[in-house]
Protein chains: 2
Amino acid sequence: MFEQEQEAHSFFLLLDGHVRVIKTTPDGQEVTVRYISPGELMGIAHALGRTTYPASAIAAIDCVLLAWPGHLWPKFANAFPNFGANTYKTVGSRLQDAHTRVVEMSTEQVDQRVAHALLKLVKQTGRKTDEGIMIDFPISRQDIAEMTGTTLHTVSRLLSSWEEKGLVKSGREKVTVVEPHRLLVLAEGRTGKN
Amino acid sequence: MFEQEQEAHSFFLLLDGHVRVIKTTPDGQEVTVRYISPGELMGIAHALGRTTYPASAIAAIDCVLLAWPGHLWPKFANAFPNFGANTYKTVGSRLQDAHTRVVEMSTEQVDQRVAHALLKLVKQTGRKTDEGIMIDFPISRQDIAEMTGTTLHTVSRLLSSWEEKGLVKSGREKVTVVEPHRLLVLAEGRTGKN
DNA sequence: CGAGCCATTGATTGCCCTCAAATCTTGTGG
DNA sequence: CCACAAGATTTGAGGGCAATCAATGGCTCG
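About the thresholds
- Residues numbered from 1 in each chain as written.
- Chains lettered and ligands numbered in written order.
- Predicted model: local features only at pLDDT ≥ 70, side-chain atom pairs only at ≥ 80, totals over all residues.
- Heavy atoms only, no water.
- Near = heavy atom within 4 Å.
- Polar contact = N/O pair within 3.5 Å; in protein donor to acceptor, adjacent residues only side chain to side chain.
- Helix = DSSP H or I, 4+ residues; strand = E, 2+ residues; numbered from the N terminus.
- Contact = heavy atoms within 4.5 Å.
- Buried area = accessible area lost by both parts, 1.4 Å probe.
- Salt bridge = Lys/Arg side-chain N within 4 Å of Asp/Glu carboxyl O.
- Nonpolar A, V, L, I, M, F, W, Y, C, P; charged D, E, K, R; others polar.
- Phe/Tyr/Trp six-rings, centres within 6.5 Å; stacked < 30°, edge-to-face > 60°.

Draft legend 1. Spotlight on the protein's contact with DNA strand D. Lining the immediate environment of DNA strand D, one finds 19 residues, of which Val110, Thr150 and Thr154 of chain A together with Ser156 and Glu173 of chain B sit closest. Looking at DNA strand D alone, sugar and phosphate atoms form 59% of those within 4 Å of the protein. Threonine 154 of chain A is positioned such that a nitrogen or oxygen atom in its side chain is 2.4 Å from a phosphate oxygen of DNA strand D. Between DNA strand D and arginine 157 of chain B, the relevant distance is 3.1 Å, taken from a base nitrogen to a side-chain nitrogen or oxygen of the residue. Put simply, the parts of the chain that give the surface near DNA strand D at least two residues each are α5 (152-164) of chain A together with α5 (152-164) of chain B. Looking at which element gives the most residues to the surface near DNA strand D, the answer is α5 of chain B, with five residues.

Draft legend 2. Highlighting the interface of chain B and chain A. Listed as interface residues are 25 residues of chain B and, on the opposing side, 25 residues of chain A. Here chain B packs against chain A, burying approximately 2,500 Å² in sum over the two surfaces, 75% of which is carbon and sulfur. At the boundary of chain B and chain A, one finds zero salt bridges. Across the contact surface, chain B and chain A share two residue pairs in polar contact (both at pLDDT 80 or more). Of all the elements in the fold, those that place two or more residues in the side of chain B that touches chain A are β3 (30-36) and α2 (81-107) of chain B. Broken down by element, the side of chain B that touches chain A gets its largest block of residues, 15 residues, from α2 of chain B. Among the residues forming the side of chain B that touches chain A, the class breakdown is 11 nonpolar, nine polar and five charged.

Draft legend 3. Structural view of the protein's contact with DNA strand C. Taken together, 17 residues sit near DNA strand C, with Arg141, Ser156 and Glu173 of chain A together with Thr150 and Thr154 of chain B positioned nearest. In DNA strand C, atoms within 4 Å of the protein come 64% from sugar and phosphate. Contacts to DNA strand C include serine 160 of chain A, whose side-chain N or O atom sits 3.2 Å from a phosphate oxygen. Put simply, the parts of the chain that give the surface near DNA strand C at least two residues each are α5 of chain A together with α5 of chain B. When residues of the surface near DNA strand C are assigned to their parent elements, the largest contribution, four residues, is made by α5 of chain A. When grouped by side-chain class, the residues that make up the surface near DNA strand C number one nonpolar, 10 polar and six charged.

Draft legend 4. Spotlight on the packing of aromatic side chains. All told, the structure shown has 21 aromatic pairs over all chains when counted by the stated rule. Between phenylalanine 11 of chain B and phenylalanine 76 of chain B, the ring centres sit 5.8 Å apart and the planes meet at 85°, which makes this aromatic pair edge-to-face. One end of the pair, phenylalanine 11 of chain B, is in strand β1 (residues 10-16); the other, phenylalanine 76 of chain B, is in helix α1 (residues 73-79), with 65 residues separating them in the sequence. Ring geometry for phenylalanine 76 of chain B versus phenylalanine 80 of chain B: centroids 6.1 Å apart, planes at 80°, classification edge-to-face. Three or more aromatic residues joined by ring pairs form one cluster here, namely Phe11, Trp68, Trp73, Phe76, Phe80 and Phe83 of chain A.

Now the structure itself:
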């Protein structure tokens, strides 16, 4: 969709689908910053006084989106006051999300971080099924690892162990949370291991 | 100065001194989000559509600051267009900082994170001395640990080993970077250990 | 039906946290 | 001016969590 460091030519409104926003380190490792859901703005570098995109955006599944050239941003902000105000509220909540991530990475074990990540995805994009709440796009162990700063191996082990205990069900690029409440207990408390 | 979750009654402009912004987890661990330097705004919850402070602010040394009641924010933004624009640029750069932190926490070892933290502090608040560049306020091993998601013990070991190699000089609540360039190499590369 | 990716699982290693105790620095009060 | 207390720092020993290394098995799609 767009690439890190690239000239910020446009900004977008996601109508349908899911987009993964990633940052790539100089040595090639990728970190997932966030997932964008339908209805959200993206590529709003202009609003923050930037001229290049700070991250890359990749469609997690097929998407439908609107795009405007970046130079229209000031016009929009002037013409629709609510547009501007709303944007800054969005930016504020992203800043908060980022800080939450920092706190989590600083204080929590890997299993708690993975649990939190799953719960966030479920809350954001969950679709109810007869087995539980499913994350509504294909997501691999590798993807989850890039969200939580761990490896796909560790994620795989955690999901396997949670599946044994009936907390989740998972398959190829697919995760369903069966018991959100018990998963939350695991995410918050430092009580029961694995 | 103000406390996390507290009603955001005021916003501030720091004139002199240094302020530590921290978040506290439910179980009492503290994570340092950032340090504020003279000339920066703080407590700008209002600009982001919040009514409570998202973090706590504590003076790292004696400070001088201006405070305005929060309800004046909209007035300021209207009266001085540059004021608003500048604020959002500030918020944008903080968002970027936070994302950088997330990437660092996800991909780097502890020694790299500590090196990056020292370099950032030196760049932000450094004062030139005849031995190198000193961080311009009292900062303990514990403080550095809270910035980097590690323990004071590990920070102590790292500083000791760096002092042996002539990269830094440190004392009680005091750190001086002697060779910023070599420290940067250590922060970036994954070559030489300890 | 084979190629390519995704996932699972075991074994091993090592970084860094935890626990523990001694030493140093600074400020205070007698 | 000295003794002492409180907090900061150093350093050692040991252990655990998760990364790394390694190999196999399973799912999809062309």
